Amino acid sequence: MLQQLPETLISSLPAFRAKYGSIYLLDITSLSETSVTPSCAVIRPMTRREFYGFQNDQQFNPLTIQDKMVRACLLWPTLEDLDNCLGGISDYILRATVKITGFTEENDLIDGVN
């Protein structure tokens, strides 16, 4: 799969790993509506501090918190780059992030990137 990734992403992977340790490649092909949109996303797990910070947000609006979580853990592409994807892309990325963070035992959505 790495051979099919954009060169800009491939060259960014070592820096992502150095900064965050664990990173994950998420296949979003089924959520892309056009061939121009990315076929994958790179995400990282949330830290415990981040998770509790989101949970204790004084402006508790589930959609706002979901957006903040996705923006924090989505390394590539940016959320704005996914504008041509289906509306559920943010929820899909959040569910995958929650899984890799350890809040569920299911791991079927993700493949580790070494």
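I will try to describe carefully the structure that is included in this document.

1. Quick notes on the nonpolar core
Generally speaking, nonpolar side chains in soluble globular proteins are found buried as a group.
Here comes step 1: Core analysis: the biggest nonpolar cluster contains 23 residues, and Leu 26, Ile 43, Leu 74, Leu 82 and Ile 93 have the highest contact counts within it.
Here comes step 2: Looking at this core, the elements with two or more residues in it are β1 (24-27), β2 (40-43), α2 (48-55), α3 (62-73) and α4 (89-101).
Here comes step 3: In terms of residue count, α4 provides more of this core than any other element does, six residues in total.
Here comes step 4: Apart from residues no more than four positions distant in its own chain, Ile 93 is found in contact with Leu 26, Ile 43, Val 70, Leu 74 and Leu 82.
Here comes step 5: By size, the runner-up hydrophobic cluster in this structure holds 10 residues, among which are Leu 9, Leu 13, Ile 23 and Trp 76.

2. Quick word on unusual backbone geometry
Negative phi is the rule for most residues except glycine; trans is the rule for most peptide bonds.
Here comes step 1: Residue Trp 76 is joined to Pro 77 through a cis peptide bond whose omega torsion reads -15°.
Here comes step 2: Along the polypeptide, Pro 77 turns up in the loop between β3 (74-76) and α4.

3. Structural notes on the packing of aromatic side chains
Here comes step 1: Per the counting criterion, the structure on display carries one aromatic pair.
Here comes step 2: Ring geometry for Phe 51 and Tyr 52: centres 5.4 Å apart, planes at 75°, overall edge-to-face.

4. So, the side chain of Gln 66
Here comes step 1: In this fold, Gln 66 is placed in helix α3.
Here comes step 2: A distance of 3.4 Å separates the side chain of Gln 66 from the side chain of Ser 90, its partner in a polar contact.
Here comes step 3: Apart from residues no more than four positions distant in its own chain, Gln 66 is found in contact with Ser 90, Asp 91 and Leu 94.

Basis of the calculations
Residues numbered from 1 in each chain as written. Predicted model: local features only at pLDDT ≥ 70, side-chain atom pairs only at ≥ 80, totals over all residues. Heavy atoms only, no water. Core = buried A, V, L, I, M, F, W, Y, C linked by side-chain atoms within 4.5 Å. Buried < 20%, exposed > 50% of the residue type's maximum accessible area, 1.4 Å probe, protein only. Helix = DSSP H or I, 4+ residues; strand = E, 2+ residues; numbered from the N terminus. Contact = heavy atoms within 4.5 Å. Phe/Tyr/Trp six-rings, centres within 6.5 Å; stacked < 30°, edge-to-face > 60°. Polar contact = N/O pair within 3.5 Å; in protein donor to acceptor, adjacent residues only side chain to side chain.

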